[in-house]
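What follows is each chain in one-letter form.
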Amino acid sequence: MFYSLRTLIVGLIFVNFLCPAYADDGVTDTRILIGQTVGLTGTIAGPVKEMNEGANAYLASVNSRGGVNGRKIELLTLDDKFDAKLAAANAELLVKKERVFALFQNRGTPLTEAIAPILAANKIPLIAPSTGAMVFHAPVNPLLFNVRAKYQDEVRKGVEHFATIGSTSIGLLHVDDSFGKDGLAGFVSAMNERNMIPAIVASFPRVKPDYEVTANAIVKANPSALIIVSSSAHTIAIIKAIRAKGSLVQIMTLSNNSSQSFVQELGPAGTGVIVSQITPAPNSVTTGLGKEFMALAKANNATVSYAAMEGFVAAKVLVEGLKRAGRNLTREGFVRALDSIQKFDLGGLMISYAPADHTGSEFVEMTMISKDGRFIR
């Protein structure tokens with residue numbers, strides 16, 4: 001009996017030695033399960049579709065080569081319909097029921113705010129939320145890793161552009177939520193630095209906006225330039241309403257509206273609209289990132305757009321962190337690995353992190369929608 005028990009104990013020790021236990025959820029010998037809650041339907045469905053096409057194109061390429069440290073990446077995506085409450089519920093489900101290893105590239109400032117407490121409660125990292133709100137940069141959230149530049153930097157770039165070409169009558173129109181208010185803060189700061197007085201600062205509700213009333217307010221103020229901070233569907237409707245009233249105001253909007261679906265839905269009203277971008281051009285043949293993206297987009301039938309490029313870049317950062325974390329993958333080790341990324345060149349886009357800085361990239365450039373529906377630089 002003693003011999004049998006001793007043999008059993010030795011056997012168990014041997015088995016445990018050969019089969020290491022993984023302390024964190026979502027990790028097996030062959031798989032890393034990553035969770036995503038994002039608006040597959042609703043007002044941002046078009047940009048989200050393209051963003052996910054870009055991310056999935058890169059992940060498919062990584063998996064085809066054996067994955068990361070012998071494990072393939074599986075992305076489990078739930079639809080939050082661009083609703084903050086549903087986003088929080090989805091995140092809870094992904095973490096507690098599906099037991100994902102990390103969360104990845106949700107979209108929207110209010111939705112990311114809703115998810116943030118879940119990160120802290122479960123010590124689970126979130127990589128590349130598609131929002132540039134300052135609240136996710138300062139103070140630094142040790143579990144949240146931004147990739148895209150700040151919205152306020154985009155707004156500042158817009159004010160700088162208009163001031164440089166001699167426009168002194170600049171207005172701001174923003175959605176009345178945390179995203180819009182973040183853009184407002186950047187606008188006020190940029191205007192104050194130049195001792196400029198806004199032609200108009202107006203807002204509209206995120207739910208059930210009155211586009212006619214909003215357009216009338218803009219036309220009455222008659223600014224020479226207008227920066228719009230809002231999501232895709234709202235921005236499209238407002239621009240069309242403004243143009244329908246005969247206004248020729250120069251309009252700029254932010255990179256959250258840089259999808260090809262945005263351009264297509266705007267139609268003729270989009271000609272001349274300026275859009276800030278937070279990645280190099282997706283069809284660039286002069287950058288390593290552009291060449292890589294174009295090749296994988298073609299192989300995976302992904303849309304070639306700035307929105308898809310954002311997803312592609314986010315996936316590259318996710319994979320780089322997983323690679324650096326090594327075979328013995330834990331969330332704590334993954335966070336340390338991401339924090340070790342310093343001046344990492346993705347092929348024309350630099351990414352840097354540190355425990356006290358989770359900004360990622362500061363890249364911002366301006367583009368304009370051409371008559372034939374292309375973003376030109």
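All of these numbers come straight from a predicted model, not from anything done at the bench.

S.K.: How would you explain the layout of surface pockets if you had to name every residue and give the values?
M.R.: Taken as a whole, the largest pocket spans an internal volume of roughly 260 Å³. Taken together, S258, Q260, A281, P282, N283, S284, V304, S305, Y306, R374, F375 and R377 make up the lining of the largest pocket.

S.K.: So, unusual backbone geometry: which residues are in play, and what are the values?
M.R.: Of note, the bond from A138 into P139 is cis; its omega dihedral lies within 30 degrees of zero at -5°. Note on placement: P139 falls in the loop between β4 (126–127) and β5 (144–145). Positive phi values are uncommon outside glycine, yet N195 reaches one of about 55°. Mapped onto the elements of the fold, N195 is located in the loop between α6 (178–193) and β7 (200–204). Of note in the backbone geometry, K208 takes a positive phi value of approximately 55° without being a glycine. Structurally, K208 can be placed in the loop between β7 and α7 (211–221).

S.K.: Can you lay out the sheet that holds strand β11 (residues 344–345) for me, pointing to particular residues and giving the numbers?
M.R.: Overall, antiparallel pairing links the three strands, which are arranged β11-β12-β13 in an open sheet. Looking at strand neighbours, the two that pair on one side only are β11 and β13 (357–360), the edges of this open sheet. In this sheet, β13 lies alongside strand β12 (residues 350–354) in antiparallel orientation, the contact comprising two bridges. Bridge pairing in β13 links S352 to G360.

S.K.: Can you break down empty space enclosed by the protein residue by residue, with the values?
M.R.: Under the definition given, this model contains two cavities of 30 Å³ or more. Forming the boundary of the largest cavity are 19 residues, of which F82, G108, F179, S231 and N256 lie nearest the centre. Put simply, the parts of the chain that give the lining of the largest cavity at least two residues each are α4 (109–122) and α8 (232–244). Classifying every residue of the lining of the largest cavity by side-chain character gives seven nonpolar, nine polar and three charged. Considered as a void within the structure, the second largest cavity measures approximately 70 Å³ in volume. Every residue along the wall of the second largest cavity is listed here: Q105, A128, P129, S130, V147, R148, I278, T279, E310, V313, A314 and L349. Within the lining of the second largest cavity, the residues separate by chemical class into seven nonpolar, three polar and two charged.

S.K.: Kindly report on the pattern of salt bridges, identifying the contributing residues and their values.
M.R.: In this structure the tally under the stated criterion is 16 salt bridges. Residue K96 is joined to E92 by a salt bridge in which the shortest nitrogen-to-oxygen separation is 3.1 Å. Pair noted here: K96 and E92 are both in helix α3 (residues 84–96), with a separation of four residues, about one helical turn. According to the relative accessible area criterion, K96 is partly exposed, its value standing at 49%. Members of the salt-bridge network, linked through shared partners, are R148, E154 and E310.

S.K.: Residue-level account of the nonpolar core, with values.
M.R.: Counting residues in each nonpolar core, the largest one holds 109 residues, and the members touching the most others are F101, L103, F104, I227, L322 and F334. With residues up to four places along the chain from it excluded, the contact list for F334 reads F101, A102, P125, I127, L318, G321, L322, A325 and L329.

S.K.: Hey, could you go over the environment of V213 for me, with residue numbers and the actual values?
M.R.: The residue V213 is located in helix α7 in this model. With a relative accessible area of 53%, V213 lands in the exposed category. Put simply, V213 and A241 are 28 residues apart on the chain and 9.5 Å apart in space, counted from C-alpha to C-alpha.

S.K.: Pulling in residues and values, what's your account of the packing of helix α2 (residues 45–64) against helix α10 (residues 288–299)?
M.R.: Relative to each other, α2 and α10 sit at 85°, their axes nearing to 9 Å. One finds that α2 runs roughly perpendicular with respect to α10. Only E292, F293 and L296 of α10 make contact with α2, whose side of the interface consists of G54, A57, Y58 and S61. The residue makeup of the contact of α2 with α10, split by class, is four nonpolar, two polar and one charged.

S.K.: If you had to explain the pairing of strand β2 (residues 72–79) to someone new, which residues and values would you point to?
M.R.: It is a general feature of regular strands that their side chains alternate between the two faces of the sheet. With eight bridges joining them, strand β1 (residues 31–38) and β2 adopt parallel strand pairing. By the bridge assignment for β2, L33 is matched with E74. The parallel pair β1 and β2 is bridged by α2, and the resulting crossover is right-handed.

How each quantity is defined
- Residues numbered from 1 in each chain as written.
- Predicted model: local features only at pLDDT ≥ 70, side-chain atom pairs only at ≥ 80, totals over all residues.
- Heavy atoms only, no water.
- 1 Å grid on protein atoms, 1.4 Å probe; cavity = no way out; pocket = protein on both sides within 12 Å on 5 of 7 lines; lining within 4 Å.
- Points joined across faces, edges and corners; volume = space filled by probe spheres on them.
- Helix = DSSP H or I, 4+ residues; strand = E, 2+ residues; numbered from the N terminus.
- Pairing = 2+ DSSP bridges.
- Nonpolar A, V, L, I, M, F, W, Y, C, P; charged D, E, K, R; others polar.
- Salt bridge = Lys/Arg side-chain N within 4 Å of Asp/Glu carboxyl O.
- Buried < 20%, exposed > 50% of the residue type's maximum accessible area, 1.4 Å probe, protein only.
- Core = buried A, V, L, I, M, F, W, Y, C linked by side-chain atoms within 4.5 Å.
- Contact = heavy atoms within 4.5 Å.
- Axes fitted to C-alpha atoms, helices over the stretch in contact; angles between N-to-C directions.
- Parallel < 35°, antiparallel > 145°, perpendicular 65-115°, else oblique.
- Right-handed = clockwise from strand over helix to strand, strands pointing away.

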